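Tertiary structure, described
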Amino acid sequence: METNQLISGIRHRLVRSGEPTLTDFNKITTLDSLRKHLQVAIELEHSTIPPYLFALYSIRENTNEVAARIIKGVVMEEMLHMILACNILNAVDGRPDISHPGFIPEYPTYLPHSNQSFEVNLQKFSRPAIETFLKIEKPSGKGAPPEADRYASIGQFYEAILDGMERLQAKGNIFTGKASRQITPEQFYGGGGGVVVVHDLASAHEAIAEIVGQGEGIDGTIEDSDHLLFGEEVEYAHYFRFNEIHEERYYRPTDTPKSGPTGAKLPVAWDQVHPVKENIKMKDFKKGTEEWGMMYQFNKSYCDMLRALHDTVNGDKEKLREAVIMMYDLKYQALGLMNIPIGNGLHAAPSFEYVK
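The text that follows walks through the structure, step by step, so that each part is easy to find. This structure is a prediction, so every number in the text was calculated from the model and none was measured.

Observations concerning the packing of helix H3 (residues 49-58) against helix H5 (residues 127-137)
One can describe the packing of H3 onto H5 by two numbers: an axis separation of 11 Å at closest approach and a directional angle of 150°. Relative to H5, the element H3 lies roughly antiparallel. The hand of the H3/H5 crossing is left-handed. Judged by residue contacts, Pro51, Tyr52 and Ala55 of H3 engage Phe133, Ile136 and Glu137 from H5. By residue class, the composition of the contact of H3 with H5 is five nonpolar, no polar and one charged.

Considering the packing of H3 against helix H11 (residues 319-338)
The interhelical angle for the contact between H3 and H11, taken along N-to-C directions, is 55°, at an axis separation of 10 Å. For the element pair H3 / H11, the angle class is oblique. Taken as a pair, H3 and H11 cross one another with a handedness that is right-handed. Touching Leu53, Phe54, Tyr57 and Ser58 of H3 are Met327, Leu330, Lys331, Ala334, Leu335 and Met338, all from H11. For the contact of H3 with H11, the per-class residue count stands at eight nonpolar, one polar and one charged.

Examining helix H7 (residues 201-216)
One full turn of an α-helix is made of 3.6 residues, so residues set three or four places apart face in the same direction. Helix length check: H7, at 16 residues, gives a terminal C-alpha distance of 22 Å against a target of 22 Å (1.5 Å per residue), a fit within 8%. Extensive coverage of H7 is indicated by the burial of 13 of its 16 residues. Two or three places before Ala202, at the opening of H7, Asp200 has a side-chain oxygen 3.4 Å from that residue's backbone nitrogen. Within two residues after H7, Gly217 carries a phi angle of roughly 95°, on the positive side.

Some details on helix H10 (residues 290-313)
Compared with an ideal rise of 1.5 Å per residue, which puts 24 residues at 34 Å, H10 spans 35 Å between its outermost C-alpha atoms and is within 8% of the ideal. Two residues or fewer past H10, Gly315 is found with a positive phi of approximately 120°.

Quick word on the nonpolar core
Core analysis: the largest hydrophobic core is formed by 108 residues, its most contacted members being Ile161, Met165 and Phe242. The biggest single contributor to this core is helix H4 (residues 65-91), with 18 residues. Not counting residues up to four positions away in its chain, the partners in contact with Met165 are Leu34, Ile88, Ile174, Phe175, Leu201, Ala204 and Ile208.

Some details on the environment of Glu210
Note that Glu210 resides in helix H7. Assessed through its relative accessible area of 0%, Glu210 is described here as buried. Taking the C-alpha atoms as reference, Glu210 lies 8.1 Å from His81; in sequence the two are 129 residues apart.

Here's the deal with the pattern of salt bridges
A pair can form between side chains of opposite charge whenever their charged atoms are brought close. Enumeration according to the criterion identifies 11 salt bridges in this entry. The partner of Asp304 in a salt bridge is Lys300, and the shortest N-O contact between them spans 3.0 Å. Here Asp304 pairs with Lys300, and both are found in helix H10, just four residues apart, close to one helical turn. A residue is classified by how much of its surface remains accessible, and Asp304, at 25% relative accessible area, is partly exposed. Across the salt bridge formed by Lys319 and Asp316, the nearest N and O atoms sit 4.0 Å from each other. Among the residues examined, Lys319 registers a relative accessible area of 23% and is labelled partly exposed. Given a relative accessible area of 33%, Asp316 falls into the partly exposed group. Counted as one network, the salt bridges with shared partners bring together Arg127, Glu248 and Lys265.

Observations regarding the side chain of Asn87
Tracing the backbone through its elements, the reader meets Asn87 in helix H4. One polar contact links the side chain of Asn87 to the main-chain carbonyl oxygen of Val196, over a distance of 3.0 Å. Not counting residues up to four positions away in its chain, the partners in contact with Asn87 are Arg181, Gln182, Ile183, Val195, Val196, Val197 and Val198.

Quick notes on the side chain of Thr109
Among the structural elements, Thr109 can be located in the loop between H4 and H5. With sequence-adjacent residues up to four places away left out, Thr109 is seen in contact with Phe118, Glu119 and Val120.

Details of the packing of aromatic side chains
One pass over the full model with this rule turns up 12 aromatic pairs. Between Phe298 and Phe352 the ring centres are 5.1 Å apart and the planes differ by 85°, which places this aromatic pair in the edge-to-face class. On the criterion of sequence distance, the pair formed by Phe298 in helix H10 and Phe352 in the segment after strand S2 (346-347) is long-range, its members being 54 residues apart. Both residues of the pair, Phe298 and Phe352, belong to the buried class. Members of the aromatic cluster, each reached through a chain of ring pairs, are Tyr236, Tyr239, Phe240 and Tyr251.

Here we look at unusual backbone geometry
Note that the residue after Tyr107, namely Pro108, is joined by a cis bond; omega there is 5°. Checked against the element boundaries, Pro108 lands in the loop between H4 and H5. Despite not being glycine, Asn62 has its phi angle at roughly 65°, a positive value. Along the chain, Asn62 turns up in the loop between H3 and H4. On the accessibility criterion, Asn62 (71% relative accessible area) is exposed. In this structure, Glu248 takes a positive phi of about 55° despite not being glycine. Considering the arrangement of structural elements, one finds Glu248 in the loop between helix H9 (238-247) and H10.

Rules and cut-offs
Residues numbered from 1 in each chain as written. Predicted model: local features only at pLDDT ≥ 70, side-chain atom pairs only at ≥ 80, totals over all residues. Heavy atoms only, no water. Axes fitted to C-alpha atoms, helices over the stretch in contact; angles between N-to-C directions. Helix = DSSP H or I, 4+ residues; strand = E, 2+ residues; numbered from the N terminus. Parallel < 35°, antiparallel > 145°, perpendicular 65-115°, else oblique. Left-handed = near helix turned anticlockwise from the far one by under 90°. Contact = heavy atoms within 4.5 Å. Nonpolar A, V, L, I, M, F, W, Y, C, P; charged D, E, K, R; others polar. Expected span 1.5 Å × (residues − 1). Buried < 20%, exposed > 50% of the residue type's maximum accessible area, 1.4 Å probe, protein only. Polar contact = N/O pair within 3.5 Å; in protein donor to acceptor, adjacent residues only side chain to side chain. Core = buried A, V, L, I, M, F, W, Y, C linked by side-chain atoms within 4.5 Å. Salt bridge = Lys/Arg side-chain N within 4 Å of Asp/Glu carboxyl O. Phe/Tyr/Trp six-rings, centres within 6.5 Å; stacked < 30°, edge-to-face > 60°.

The following block contains the structure:
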């Protein structure tokens, strides 16, 4: 299948605003609203990263290697999705903001602009954590309408953004942003998939197809879109990778979303985790204590990484490598915290809070 055929197919599956049954969905009708929703998309993609990292860091060293590799791969692809959303916002001459005080949500939290059907927590690696991850990445139900503000699935939210872009582009060119602000594939040091340089409606569709395809799968399958879009090996979408962990079994190439994984057993040791305090906060400790100081330092490093990413997507592309290095260094600070007992059988942990 050619790339343009794939994009056309995903376009047909994602946006169905021409159907008469969908006339009442919440439409994006102004350029200002489109930019605001794209900023929300950036915040949405980011809001999944702290809980995924928290679960990843909580796994004891040299255990649960497959599960850890799956979670780490998803984290890197969520970083990619953030970059793609920034590229789209920059393409319509917006300004991504990923360093303001409210950018990091306070956990537990709901996904931004969602229907608030479930909360996202900072949880150790466990069945409840993976079950939340499955809710985050759950594919849109058949016939689910676009929804800009109270979506049940992330795919619905991006459907509404696509519909808004098409609606506005039909009235005049909205892709007036500077090409120099785009992050290119050569500049991104991330996981699977690829960065899409966005300059028109077709490339915006491609970027969103990458985001939704990696998360939910394409055409009702368990596969993500990378092998078709970028010529990569077949890989399963986020939802199905997390489901392998949950079911403790691998998918086979012939499996479907309905069948579930029917392959070999995937070894999971749920008890091989640090006994960390979940949804921990700096205010849980007295300022000046070792725990407070180490949590502050982790949060400062995390905020510094976000500021470097902010500078990157706002024109200073040299900061991207710096941001990626910072992200890898966070693991060691997190592990240091998770080795500190704080009483009641619990250990400290990173809190992912905004600090100046």
